[in-house]
Amino acid sequence: MAPAPSAVTGRFAPSPTGAMHLGNARTALLAWLHSRAAGGRHLLRFEDLDTGRVRAWAHDVTRRDLEWLGLDWDREYRQSERLDRYAAALETLDTYPCTCTRREVLAAVEASAGAPHGDEPVYPGTCRAVTAHPDRLAARRWRVPDQTVCARDDLRGWTLCQHLPSQVGDMVLRRNDGVYAYHLAVVVDDAQMGVTDVVRGEDLWTATPRQAALQTALGLPRVRYHHVPLMKDFQGERLAKRGGAPGVRELRESGSPAGAVVAALARSLGWDVPDEVTPADLLPLWRTWRP
């Protein structure tokens, strides 16, 4: 008899565009702690759809870095091997071709009464009722329903509601170069992989309602979200690869003790730990931690 499925399935989903930095590693650690503290399954999913930015060596380096830190996973996936699943999902949604350039979209946003909300321009529906330009490749935009969608964060107790037409706009679900959008792929993957809990950086929190809207439109279950604080540098800025954030590979190859790196990640969360620890040592701290 097959074992009963776990009540919790989590995942870590890096983009293999380079080596992991310490901020990525801390999120990977927290995602692993959440899955394992619940006795659940944990997946590794490479989000490698943007082939122009993917570095082939980054898959293996990421695996080596995670294993060195003491993190394991039950199954591995690559989004680049799942394109047919995103195509099938796209066919079930109300989409239309859009051949507007980014410059044309921004000009339309500036000319519209709606203007941008926050830092993200809201697409004003420029291509909704026009014929696609015959000499341009077309993206596919989702004609979002006229509704307000709310999402909840189970770690922070946050709730965020967004009116889709005025605060999100019609979303690109496949770019004009054929690359499927992150929001579509991640929603399809989480459902088909049985993911129940997502631990990720808080920079993705404002995108959660639109992912919830896609889950509903595709008839997929909602997942539980847990958004963790981003790791900052000495200037208080978010760690990022392009900003020269310290790489896990460099620490691993320089002979740094993995336990000391895990301890440093734990201390960055305010956890009182010895100089060297394993991820398993941190399970009791995760169970009681609230940012």
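Reading the values: the criteria
- Residues numbered from 1 in each chain as written.
- Predicted model: local features only at pLDDT ≥ 70, side-chain atom pairs only at ≥ 80, totals over all residues.
- Heavy atoms only, no water.
- Phe/Tyr/Trp six-rings, centres within 6.5 Å; stacked < 30°, edge-to-face > 60°.
- Buried < 20%, exposed > 50% of the residue type's maximum accessible area, 1.4 Å probe, protein only.
- Lys NZ or Arg CZ within 6 Å of the ring centre and 35° of its normal.
- Pairing = 2+ DSSP bridges.
- Helix = DSSP H or I, 4+ residues; strand = E, 2+ residues; numbered from the N terminus.
- Axes fitted to C-alpha atoms, helices over the stretch in contact; angles between N-to-C directions.
- Core = buried A, V, L, I, M, F, W, Y, C linked by side-chain atoms within 4.5 Å.
- Contact = heavy atoms within 4.5 Å.
- Disulfide = S-S within 2.5 Å.
- Parallel < 35°, antiparallel > 145°, perpendicular 65-115°, else oblique.
- Nonpolar A, V, L, I, M, F, W, Y, C, P; charged D, E, K, R; others polar.
- Right-handed = clockwise from strand over helix to strand, strands pointing away.

Peer 1: Help me understand the packing of aromatic side chains in this model?
Peer 2: Between two aromatic rings, the relevant description is the distance of the centres plus the angle of the planes. Counted by the stated rule, this structure contains four aromatic pairs. Centroid distance Trp286 to Trp289: 5.8 Å. Interplanar angle 40°. Geometry classified as tilted. Judged by relative accessible area, Trp286 falls into the buried class, the value being 7%. The ring of Tyr123 carries Arg141 above its face, with NZ or CZ at 3.5 Å from the centroid.

Peer 1: Would you take a moment to explain the sheet that holds strand E3 (residues 75-78) for this structure?
Peer 2: Within a beta sheet, neighbouring strands are joined by backbone hydrogen bonds and run either parallel or antiparallel to one another. One open sheet accounts for three strands, arranged E1-E2-E3; its pairing is parallel. One side of each edge strand has no neighbouring strand; the edge strands of this open sheet are strand E1 (9-12) and E3. Across this sheet, the average inter-strand angle for adjacent strands is 30°, counted without regard to direction. Here E1 pairs with strand E2 (residues 41-46) via four bridges, running parallel. Opposite Arg11, over in E2, you have Leu43 as the bridge partner.

Peer 1: Please clarify how the nonpolar core should be interpreted in this entry.
Peer 2: As a rule of thumb, nonpolar side chains are buried together in soluble globular proteins. Core analysis: the biggest nonpolar cluster contains 34 residues, and Leu30, Leu33, Leu66, Trp271, Leu282 and Trp289 have the highest contact counts within it. Elements supplying a minimum of two residues to this core: helix H1 (22-37), E2, helix H2 (56-69), helix H9 (258-267) and helix H10 (283-288). Broken down by element, the residue count for this core peaks at eight residues, all from H1. In contact with Trp289, other than residues within four places in its own chain, are Leu30, Leu155, Val228, Pro229, Leu269 and Trp271. Counting residues in each nonpolar core, the second largest holds 23 residues, with Tyr86, Trp142, Leu184 and Ala212 among its members.

Peer 1: What's the story with the state of the cysteines in this structure? I'm lost.
Peer 2: Any covalent bond linking the sulfur atoms of two cysteines counts as a disulfide. Taken as a whole, this structure holds one disulfide when the rule is applied. The disulfide partner of Cys150 is Cys161, and the gap between their sulfur atoms is 1.9 Å. The chirality of the disulfide connecting Cys150 with Cys161 is right-handed, given an S-S dihedral of about 105°. In this pair, Cys150 sits in strand E6 (residues 148-152) while Cys161 sits in strand E7 (residues 159-163), placing the two residues 11 residues apart along the sequence.

Peer 1: Before we go on, may I ask you to explain the packing of H1 against H9 in this structure?
Peer 2: Two packed helices can be described by the angle between their axes and the distance between those axes. Two elements in contact, H1 and H9, have axes whose closest approach is 10 Å; the angle formed by their N-to-C orientations is 85°. Comparing the axis directions of H1 and H9 gives the class roughly perpendicular. Each of Leu22, Ala25, Arg26 and Leu29 in H1 lies in contact with H9, whose residues at this interface are Val261, Val262 and Leu265. Split into classes, the residues belonging to the contact of H1 with H9 amount to six nonpolar, no polar and one charged.

Peer 1: Hey, could you run me through the pairing of strand E9 (residues 197-201) in this one?
Peer 2: Along any regular strand the residues' side chains alternate between the sheet's two faces. Here E9 lies mainly inside the structure; five of its five residues are buried. Here E9 runs beside strand E10 (residues 224-228); their pairing, made up of five bridges, is parallel. Along E10, the bridge assignment pairs Val199 with His226. A crossover links E9 with its parallel partner E10, the connecting element being helix H7 (residues 208-217), and its sense is right-handed.

The values reported here are purely geometric and, on their own, carry no functional implication.
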